[in-house]
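These are the residues of each chain, in order.
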Amino acid sequence: DINGSDGKPLAVDVALFGPEDASKVFFNINGVHGLESYPGAAAQLALLENGVLAELPDDCSVVLIHNLNPFGWAYHCQRNENNADINRNFIDFDNAPKAGDIINNIADAIAIEEMSLGALHNATQKLYGLSTGDSGNAFSKAIMVGQFENPESLKFGGFKPEWSNDVLRKIASKYVAKAERIVFLDWHTGLGDYGKHFYLPFWQEGTESWDRTVRMWGEEGVREGSAGIMNDSDASDDASSSQINGLTLQAIVDANPDAVICGGVIEVGTVPFELIVQATILDHWVRQKIGDDSSDVRYWREQTRTMFAPRDPWWEQRALDQAADVYEKMLAELTID
């Protein structure tokens with residue numbers, strides 16, 4: 001029941017190509033982090049326009065979801081109407097992890113009364129201080145696992161399943177519950193070299209999910225992206241075993257735990273990591289300023305968008321070119337036994 005800045009109701013767009021009960025499904029999301037939607041949305045539009053979805057092989061379908069977090073898209077922020085990060089929301093809330101004091105310390109570090117370059121620099125340095133030394137392990141765990149206690153701190157996953165969570169689970173139960181094979185892609189921006197794809201797979205090496213993901217994305221990229229995010233424990237099946245918690249991927253796994261799933265997240269690189277940290281802090285600040293249309297807030301809102309979706313024709317075209325290539329490979333994977 002929440003409206004956008006234009007007063008119109010917010011919604012998630014879904015398009016199905018192929019049979020509803022296909023055994024092989026390509027499931028593609030964008031907009032989990034609101035303002036990161038731009039290259040993913042453009043890639044989906046280009047895929048629609050090139051005509052390939054009108055000629056899918058038998059028993060194959062494609063599900064495109066545009067803007068899973070419409071509030072973030074409409075208001076130019078990463079998080080949703082309840083300040084939640086949708087990509088930490090897919091958990092068992094009866095057993096939500098407790099992050100402890102580090103969460104409030106992070107909230108204090110990123111709290112900025114009046115935004116300036118100096119204030120942003122100081123907040124960034126405070127965060128770096130928390131990420132090292134005695135608090136380093138607690139900081140890393142809170143970022144990777146998410147926290148479910150303080151909406152004003154980083155990686156707040158919500159107090160309960162969010163509206164977008166419910167929507168995605170309904171879509172997944174309708175379109176992937178009968179699938180034997182699912183090729184999954186969730187578009188994001190931020191991490192990686194400028195304009196280049198950075199791959200985040202969530203599968204243990206040696207599983208069929210890993211092998212199929214490598215075939216689509218290349219071994220070098222898959223290994224680079226999986227370093228540091230996978231648990232060290234061995235896996236005997238294809239289940240996700242990422243240290244990152246509450247991902248949208250969990251909705252797909254829960255809808256069909258017996259399917260072979262491959263793929264994961266693709267980030268389109270924007271700015272160096274330190275600037276991504278600053279952009280995340282800025283995102284929290286401008287999120288508090290919704291409804292404020294002053295020139296200062298507009299300026300900082302635009303800086304946030306530029307860090308997550310640069311208005312650079314070269315960057316935009318490179319993102320589209322790489323997306324066309326990855327779509328071709330991921331759609332081909334549907335037909336490989």
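Residues numbered from 1 in each chain as written. Predicted model: local features only at pLDDT ≥ 70, side-chain atom pairs only at ≥ 80, totals over all residues. Heavy atoms only, no water.

Visitor: What is the right way to look at a negative patch on the surface in this model?
Guide: A cluster of acidic side chains, namely Glu20, Asp21, Asp58, Asp59 and Glu180, defines a negative patch on the protein surface. When you line up the elements, Glu180 lands in the loop between helix 6 (163–175) and strand 4 (181–190). (Patch = residues over 30% accessible without salt bridge, like charges linked within 9 Å, V, L, I, M, F, W, Y side chains within 5 Å. Areas by Shrake-Rupley, 256 points an atom, 1.4 Å probe, with all protein chains shown as cover. Salt bridge = Lys/Arg side-chain N within 4 Å of Asp/Glu carboxyl O. Lys, Arg positive; Asp, Glu negative; His and termini not counted. Charge placed at Lys NZ, Arg CZ, Asp CG, Glu CD. Helix = DSSP H or I, 4+ residues; strand = E, 2+ residues; numbered from the N terminus.)

Visitor: Got a minute to help me understand the confidence of the model for the protein chain in this structure?
Guide: Close inspection of predicted coordinates is inappropriate in any region flagged by low pLDDT. Here the protein chain shows a mean pLDDT of 91. Residues at 70 or above account for 95%. A low-confidence stretch, residues 232–240 (pLDDT under 50), is modelled with 12 contacts involving residues beyond four sequence positions or located in other chains. (pLDDT = per-residue confidence, 0-100. Contact = heavy atoms within 4.5 Å.)

Visitor: Before we go on, may I ask you to explain the nonpolar core in this structure?
Guide: Generally speaking, a soluble globular protein has its nonpolar side chains buried in company with each other. If you look at the biggest cluster of nonpolar residues, it comprises 58 residues, and the most contacted ones within it are Phe26, Phe27, Ile65, Trp217, Leu249, Ile252 and Ile261. Listed in part, the 28 residues of the second largest apolar core include Leu154, Val277, Ile281 and Trp285. (Core = buried A, V, L, I, M, F, W, Y, C linked by side-chain atoms within 4.5 Å. Buried < 20%, exposed > 50% of the residue type's maximum accessible area, 1.4 Å probe, protein only.)

Visitor: In this structure, what is going on with the packing of helix 10 (residues 273–287) against helix 11 (residues 295–308)? I would like to understand it.
Guide: Helix packing for two helices is described by the angle between their axes and how far apart those axes are. Remark: helix 10 packs on helix 11, axes separated minimally by 9 Å, with the N-to-C direction vectors making an angle of 140°. With respect to helix 11, the element helix 10 is oriented oblique. Judged by the sense of rotation from one axis to the other, the crossing of helix 10 with helix 11 is left-handed. Contacts between helix 10 and helix 11 involve Leu275, Ile276, Ala279, Thr280, Leu282, Asp283, Trp285 and Val286 from the former and Val297, Trp300, Arg301, Gln303, Thr304, Met307 and Phe308 from the latter. Considered class by class, the residues forming the contact of helix 10 with helix 11 number 10 nonpolar, 3 polar and 2 charged. (Axes fitted to C-alpha atoms, helices over the stretch in contact; angles between N-to-C directions. Parallel < 35°, antiparallel > 145°, perpendicular 65-115°, else oblique. Left-handed = near helix turned anticlockwise from the far one by under 90°. Nonpolar A, V, L, I, M, F, W, Y, C, P; charged D, E, K, R; others polar.)

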